[in-house]
Amino acid sequence: MKKNKYLLLISSLGVLALLVAAAVSENFLKEWHAIQGQARTQEGPIDVRLRQIVNPDLKKADRCVTCHVGMAPGEQILSDSKVAQPHKNVVHDTATMGCTTCHGGQGQATEKDDAHGNVHFWTEPMLPAKYAYASCGTCHTPLNVPNLETLSTARKTFERLDCYSCHRLDGRGGTLRPGGETGMEGPDLSHVGLKGYNQNWYTAHAQKNVEAQGGPWRRFQGGQ
Amino acid sequence: MDEANRSALNEFWVNLKSVPSQIYRAMFRGGAPVSDRTRSSFVFGNVFLHLHSVRTHLWSLRWTATMGLGIITTAAFLITLVTGVLLMFYYKPYPDVAYQSIKDIHFIVPTGRFMRNIHRWAANVMVVAVLLHMARAFYTASYRKPREFNWFIGWGLLVTTLALSFTGYLLPWDQLAYWAITIGANIAQSPREITDAMGITEFFDIGGLQREVLLGSDKVGEESLIRFYLLHVMILPLVLAMLMAVHFWRIRKDGGLAKPVDVDDRVKADAEEHYPVFTEEPQKTYQLAAVVKGRTPAVGSGPENTVPSMPHLFYAELGVLMFTTLICIVLAFVSDAPLKELANPLVPENPAKAPWYFLGLQEIVAFSAFMGGIGIPMLCWIGLGLIPFLDKETEGTGEWFGGPGGAKLVGWSMIYGFATSIAVEAVAIRFGWLREWFPDIPQLVITLVNPGTVITVLYAGFSIWALRRFNSTRAGALALFTCFLCGFIVLTVIGTYFRGPNWEFFWSPADWNAH
């Protein structure tokens, strides 16, 4: 019976220790606890709590302001760390509009990598700041957003060169499989460019076409 | 104020003070479990504990007797029950919203991610433990008379456990869930392979019906989600709890765990380790034994090798319960439960894989949907269910690998089981199968001759050889069970780790990305 008693004692102590560890890390040790702990207003430290901007119309709850406390509605943070900065003035009221509609990323998340969308299973990472205008088109399709011309040129080129035959883009295309029925589908291009571009990629891709004896590459500009 | 009144007030005060001890005494009528009699009444006076026998044989208390696998399974179930109820407070069973709610559980529900991790790990521990528990019961020949019915109940518990795990798989509504259930539903549809070949699908579409009953629709959608949710949180747990109650109660009614005939010569109570046994005259008489049917209660051989279940058995059970909890919590710390992208019916996962315990079947399904999905599993199922009625021998009951052939036969069966399944799979992977050699071959031929059926036939042949060699059904069963266990492991490992996009063979998932 002694063996069983020791098993019970040691397992119970282990469980207790791990549960306490989980409770402590959950309630005190998250990244945003430290960030909010340093933030100061004129009246002193701020409440350390989860913050979010809820936009019922867009069905979004963006928790970005849990770390970016300077952008939380009604907060005037004095410290000059990066996350304490207020949002610059834009056409929308950021306090009600939320963040991810324009910036992308994962609004529900409360940890940096997850929130910025730099994780494996989040398909919409944050747009680089200079491309934020690309999101205007999400709601304002008919309006003349900046760089609309570039965008539509690219779209037409994609159609004209028949990229859709092998590649899928936002659920369209990708029906032709170079290897036949059982062949591999062309890579899905829906999210290409969201994490920046390799400027030489196109040249390299065209070079593959030149080198290939057979295979999936169709003739396109830059090819032979 | 007169005398009587004062004493009533006094009495009231005394009663009030003794309320806690009165409640305690009302709850535990037998008193503290310090003597043999009170230890017994502690067990049979408690609705939950009285599923146990009041005394436990020392043979059953040895760690090697059961490895605690049944209790590990029960403990894992209790853990999933507690964490599952907690998750239900936040989970919303509707497509897309379900995914958002899991994200919320992950990110803002206090310890939500931790609880989900524990739930997921406990579920996996439960599946593994229930399989090992079945193997234990088989290898110790515990299915034999009078335990045939309990083996049956265990058989039902295995199916219910797999169904619980499978229904839970869909709930996060991510790509992993969506496509795994799609695969599962396609496996349910696999009888079509036969009805198509016979040209009767139009009139008799049992496969299509199975799929539709499972999904509630022609594809995985909101009807499927609500259906799986209801099964997962209510119907299946209730079924499981009821079967478990019967399972435990039958252990007691069948005379405890299976033991060798000469068990009393093999174990001896250690006076230092164990509470002294039968120190007092039992106040409860067992006259009833005279009118109860069945085998005579132990006459001539004393009960000296049993010890009171309270505390001996309960320390063991609590110890295993806490140990299982510890394992699940450690795993939950080490590894997060997966959550992929939001389910998207337009973007199939490639490869789409069923939950891991079905990947062995999926490996055969890749050749023949019917054989992998229905044929071979049914054969195993029926075989398992019939064992107690085919093996009526008595040699080796209660002992590991007991019976003719014994551990040596099991060892050889393992070698044969691994070698055959690996060899057949290697041929199929390296040289292809009938479809690659004869492109025009009818599917019905592949249904009959595919790696799954070939392995099954080879195993059956080996089992018949063992049966004749040792002139014993038990030897045949030992060989067959061991072989199938090895085949299950081989196919599951190949399906899990070595199959990539388009179900092609890859040495490592790192090679998956062909582009």
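In this report, the structure presented in the accompanying data block is examined. (Residues numbered from 1 in each chain as written. Chains lettered and ligands numbered in written order. Predicted model: local features only at pLDDT ≥ 70, side-chain atom pairs only at ≥ 80, totals over all residues. Heavy atoms only, no water.)

### Focus on the overall build of chain A
Applied cut-off: Secondary structure is summarised from DSSP: a helix means a run of H or I of at least four residues, a strand means a run of E of at least two, and numbering begins at the N terminus for each. Accessible area is worked out with a 1.4 Å probe on protein chains only. A residue is then buried under 20% of its type maximum, exposed over 50%, and partly exposed in between. Here, two residues are considered to be in contact whenever any of their heavy atoms come within 4.5 Å of each other. Here, Shrake-Rupley sampling with a 1.4 Å probe gives the accessible areas, and only protein chains in the shown set may cover a residue.
Assigned secondary structure in chain A consists of eight helices and six strands. Helices and strands in chain A line up, N terminus first, as α-α-β-β-β-β-α-α-α-α-α-β-β-α. Per-residue burial for chain A yields a buried fraction of 30% across its 224 residues. Here the analysis covers contacts within chain A between residues at least 6 apart in sequence; of these, 35% occur between residues at least 24 apart. Only carbon and sulfur atoms are counted for the fraction: they give 56% of the accessible area of chain A, which is about 15,000 Å².

### Some points on the overall build of chain B
Along its length, chain B carries 22 helices and two strands. Split into buried and exposed, the 515 residues of chain B put 47% on the buried side. Roughly 26,800 Å² of accessible area belongs to chain B as shown, and the carbon and sulfur atoms make up 68% of that amount.

### Some thoughts on a nonpolar patch on the surface
Residue and element names in this part refer to chain B. What counts here: Nonpolar side chains (Val, Leu, Ile, Met, Phe, Trp, Tyr) are joined into patches within 5 Å and like charges within 9 Å, using only residues with over 30% relative accessible area and no salt bridge. Basic side-chain nitrogens of Lys or Arg form a salt bridge, by our definition, when they fall within 4 Å of a carboxyl oxygen of Asp or Glu.
A surface patch of nonpolar side chains, amounting to about 820 Å² of accessible area, comprises Phe12, Trp13, Leu16, Val19, Ile23, Tyr24, Met27 and Phe28. At the level of elements, α1 (3-17) and α2 (19-27) are the ones that each hand at least two residues to the nonpolar patch. Counting residues per element, the nonpolar patch draws most heavily on α2, at four residues. Its location among the elements puts Val19 in helix α2. Take Val19: its relative accessible area is 33%, and that puts it in the partly exposed class.

### Some remarks on unusual backbone geometry
Residue and element names in this part refer to chain B. Each neighbour pair has its own omega, and for Met310 with Pro311 the value is 10°, a cis peptide bond. A cis amide bond links Asn350 with the next residue in sequence, Pro351, at an omega value of 5°. One non-glycine residue, Thr111, lies in positive phi territory at about 55°. Relative to the helices and strands, Thr111 is located in the loop between α7 (97-107) and α8 (112-139). The phi torsion at Ala141 lies on the positive side, around 55°, for a residue other than glycine. Inspection of the secondary structure puts Ala141 in the loop between α8 and α9 (148-170). Residue Ala141 is classed as buried on the basis of its relative accessible area of 1%.

### Details of the packing of aromatic side chains
In plain terms, the rule: Stacked, tilted and edge-to-face are the three classes assigned to paired rings of Phe, Tyr and Trp, where Trp is represented by its six-membered ring and a pair needs centres within 6.5 Å; plane angles under 30 degrees give stacked, over 60 edge-to-face, the rest tilted. In our convention, an over-ring charge means Lys NZ or Arg CZ found within 6 Å of a ring centre and within 35 degrees of that ring's normal.
Per the stated rule, a full pass over the model turns up 27 aromatic pairs over all chains. On the numbers, 5.3 Å between centres and 75° between planes, the contact of B:Trp356 with B:Tyr357 is edge-to-face. Considering the side-chain rings of B:Phe462 and B:Trp465, the 5.6 Å spacing of their centres and the 25° angle between planes classify their relative orientation as stacked. With B:Phe462 and B:Trp465 both in helix α21 (residues 451-470), this residue pair falls three residues apart, about one helical turn. An aromatic cluster of three or more residues is present, and its members are B:Phe138, B:Tyr139, B:Tyr143, B:Trp151, B:Trp400, B:Phe401 and B:Phe481. Residue placement shows A:Lys3 over the ring face of B:Trp63; its charged tip is 4.6 Å from the ring centre. Taking the ring centre of B:Trp121 as reference, the NZ or CZ of B:Arg120 above it sits at 4.5 Å.

### Notes on the side chain of A:Thr100
Its location among the elements puts A:Thr100 in helix α4 (residues 100-103). Excluding residues that lie within four positions of it along the chain, A:Thr100 makes contacts with A:Lys60, A:Asp62, A:Cys64, A:Gly105, A:Gln106 and A:Gly107.

### Some thoughts on helix α3 (residues 36-44) of chain B
Where α3(B) is concerned, the buried positions are B:Asp36, B:Thr38, B:Arg39, B:Ser40 and B:Val43. Contact partners of the buried residues in α3(B): β1 (55-57), β2 (306-308) and α15 (309-334) of chain B.

### What to know about the packing of α9(B) against helix α13 (residues 222-253) of chain B
All names here are of chain B. As a reminder, the rule being used: To get an axis, fit a line to the C-alpha atoms, keeping to the stretch in contact for a helix; angles then go from 0 to 180 degrees between the N-to-C directions. Oblique is the label for any angle not under 35 degrees, not over 145, and not in the 65 to 115 range, which are roughly parallel, roughly antiparallel and roughly perpendicular in turn. By definition, any crossing whose near helix is turned counterclockwise from its far helix by less than a right angle is left-handed, and any crossing with a clockwise turn is right-handed. Polar here means any residue other than Ala, Val, Leu, Ile, Met, Phe, Trp, Tyr, Cys and Pro, which are nonpolar, and Asp, Glu, Lys and Arg, which are charged; Gly is therefore polar.
Two elements in contact, α9 and α13, have axes whose closest approach is 9 Å; the angle formed by their N-to-C orientations is 155°. The pairing of α9 with α13 is recorded here as roughly antiparallel in orientation. Considering only the axes of α9 and α13, their crossing is left-handed. Class assignment of the residues belonging to the contact of α9 with α13 gives a composition of 18 nonpolar, 10 polar and one charged.

### A short note on the pattern of salt bridges
Side-chain pairs of opposite charge can arise whenever the charged atoms involved come near each other. Residue and element names in this part refer to chain A. Counted under the stated rule, the structure contains 13 salt bridges over all chains. With a closest N to O distance of 3.1 Å, Glu159 and Arg172 form a salt bridge. Residue Glu159 is found in helix α7 (residues 148-160), and its partner Arg172 is found in strand β6 (residues 172-173); the two are separated by 13 residues along the sequence. Looking at Glu159, the relative accessible area reads 43%, which means it is partly exposed. For Arg172, a relative accessible area of 43% corresponds to the partly exposed category.

### Re the interface of chain A and chain B
Note the following rule: N or O atoms closer than or at 3.5 Å make up a polar contact, with two conditions inside protein: a donor-capable atom paired with an acceptor-capable one, and, for residues adjacent in sequence, both atoms drawn from side chains.
Listed by partner, the interface residues are 34 residues for chain A and 36 residues for chain B. With a closest N to O distance of 2.7 Å, B:Arg113 and A:Glu111 form a salt bridge. The interface formed by chain A and chain B includes nine residue pairs in polar contact (both at pLDDT 80 or more). Per-element accounting of the side of chain A that touches chain B gives the leading share, 15 residues, to helix α1 (residues 2-28) of chain A. Taken together, the residues that form the side of chain A that touches chain B break down as 14 nonpolar, 10 polar and 10 charged.

### Here we look at the state of the cysteines
Residue and element names in this part refer to chain A. As a reminder of what qualifies: Any cysteine sulfur atom paired with another within 2.5 Å is treated as part of a disulfide.
One pass over the full model with this rule turns up zero disulfides over all chains. Counting only cysteine sulfurs, Cys64 is the nearest neighbor of Cys67, a cysteine outside any disulfide, at a range of 9.0 Å. For Cys67, a relative accessible area of 16% translates into the label buried. Here Cys166 is not disulfide-linked; the sulfur of Cys163 is the nearest cysteine sulfur, at 9.0 Å. The buried category is assigned to Cys166, whose relative accessible area is 12%.

### Observations concerning the side chain of B:Arg144
Residues and elements named next belong to chain B. For Arg144, the position within the fold is in the loop between α8 and α9. Classification of Arg144 by relative accessible area gives buried; the value is 3%. Here the side chain of Arg144 touches Glu393 through a polar contact of 3.2 Å, landing on its backbone oxygen. Apart from residues lying up to four places away in sequence, Arg144 is in contact with Asp391, Glu393, Thr394, Glu395, Gly396, Thr397 and Arg474.

### Thoughts on the nonpolar core
Applicable threshold: In this description, a nonpolar core means a group of buried Ala, Val, Leu, Ile, Met, Phe, Trp, Tyr and Cys residues linked to one another through side-chain atoms lying within 4.5 Å. What fixes the domain bounds is an automatic or database domain assignment.
Grouped together as the largest cluster of nonpolar side chains are 32 residues, with contacts concentrated most on B:Tyr91, B:Leu170, B:Trp173, B:Ile181, B:Val220, B:Leu225 and B:Phe228. Of all elements in the fold, only α7, α9, α10 (175-188), α13 and α16 (359-365) of chain B reach the threshold of two or more residues within this core. When residues of this core are assigned to their parent elements, the largest contribution, seven residues, is made by α10(B). In this structure, this core is formed jointly by two domains, domain 1 (63-280 + 309-349) and domain 2 (354-515) of chain B, each of which donates at least three residues. In this structure, B:Val220 is in contact with B:Leu170, B:Trp173, B:Tyr178, B:Ile181, B:Thr182 and B:Leu215, ignoring residues within four places of it in sequence. Counting residues in hydrophobic clusters, the runner-up holds 29 residues, among them A:Leu8, B:Leu69, B:Ala122 and B:Ala332.

### So, a negative patch on the surface
Cut-off, in case you're wondering: Counting rule applied: Lys, Arg positive; Asp, Glu negative; His and chain ends not counted. Note that the charge is assigned to NZ on lysines, CZ on arginines, CG on aspartates and CD on glutamates.
Together, B:Glu212, B:Asp218, B:Glu222 and B:Glu223 line one region of the surface with negative charge. For B:Glu212, the location among the structural elements is in helix α12 (residues 206-215).

### With respect to the environment of B:Ala460
All names here are of chain B. Its location among the elements puts Ala460 in helix α21. You can call Ala460 partly exposed: its relative accessible area is 32%. Separated by 24 residues in the primary sequence, Ala460 and Phe484 have C-alpha atoms spaced 9.6 Å apart.

Without other data, these values stay purely geometric and don't point to any function.
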